[in-house]
Amino acid sequence: MKALVMSFGLILAFASTNTIAAPVDGQIFYKLPSGDVATRDVVLEVPPRGQGEVILSGSNFEWRTKAFKTVQVKGQTLFIAVFKTEFMNFKSTIIFKGTYLKGSNKLVYYGDFYKKKGHSELSEDLVGFDYEGGFNFSYDK
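Residues numbered from 1 in each chain as written. Predicted model: local features only at pLDDT ≥ 70, side-chain atom pairs only at ≥ 80, totals over all residues. Heavy atoms only, no water.

A. Spotlight on the overall build of the protein. Looking only at helices and strands, one finds two helices and nine strands in the protein. Looking at the protein as a whole, 45% of its 141 residues are labelled buried. By sequence separation, contacts in the protein at least 24 residues apart represent 52% of the contacts at least 6 residues apart. (Helix = DSSP H or I, 4+ residues; strand = E, 2+ residues; numbered from the N terminus. Buried < 20%, exposed > 50% of the residue type's maximum accessible area, 1.4 Å probe, protein only. Contact = heavy atoms within 4.5 Å.)

What follows is the structure, encoded as structure tokens:
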């Protein structure tokens, strides 16, 4: 669970913005089997102009994806990113789904992530995926 959560993130969000090409610090958070909420520091790297791979990394992991997209809905930028992960021979698909907010002083990405056993393709309706937690990244311009 820890490795899965650490791998999630805002990869999609930053990859689709066309503006950032620098590592951005953030956090993912999720509920442990004990009932406590855990927070993990992660770093998001987005390619310039949204072309290439988005990289999410943290302590002892690095995930990459080219499977992401954004959609504009009534002035809101929604994004979805799909990571195919493997930890100790267990394969999972992790989807990050959230919002990107761009101001004159800051960029913010926030949302939720979902998990499914095995490797799956992009699924915007999240059928078969379980809610796992959330994420938050911000970048001061």
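B. Here's a closer look at unusual backbone geometry. Its identity is not glycine, yet Lys-74 carries a phi of approximately 50°, on the positive side. In this fold, Lys-74 is placed in the loop between β5 (68-73) and β6 (76-87). Despite not being glycine, Asn-89 has its phi angle at roughly 65°, a positive value. With respect to the secondary-structure elements, Asn-89 resides in the loop between β6 and β7 (90-102).

C. Broad picture of a nonpolar patch on the surface. A grouping of Phe-87, Met-88 and Phe-90 is seen on the molecular surface, where their side chains present a nonpolar patch of about 400 Å² in accessible area. Relative to the helices and strands, Met-88 is located in the loop between β6 and β7. (Patch = residues over 30% accessible without salt bridge, like charges linked within 9 Å, V, L, I, M, F, W, Y side chains within 5 Å. Areas by Shrake-Rupley, 256 points an atom, 1.4 Å probe, with all protein chains shown as cover. Salt bridge = Lys/Arg side-chain N within 4 Å of Asp/Glu carboxyl O.)

D. Examining the pattern of salt bridges more closely. Taken as a whole and assessed by the stated rule, the structure comprises three salt bridges. Two residues, Arg-64 and Glu-53, come together in a salt bridge whose shortest N-O distance is 2.9 Å. Here Arg-64 is found in strand β4 (residues 61-65), whereas its partner Glu-53 is found in the loop between β2 (37-45) and β3 (54-58), with eleven residues between them in sequence. The partly exposed category is assigned to Arg-64, whose relative accessible area is 42%. Three or more residues joined by partner-sharing salt bridges are found here, namely Glu-53, Glu-62 and Arg-64.

In short, shape yes, function no, at least from these values alone.
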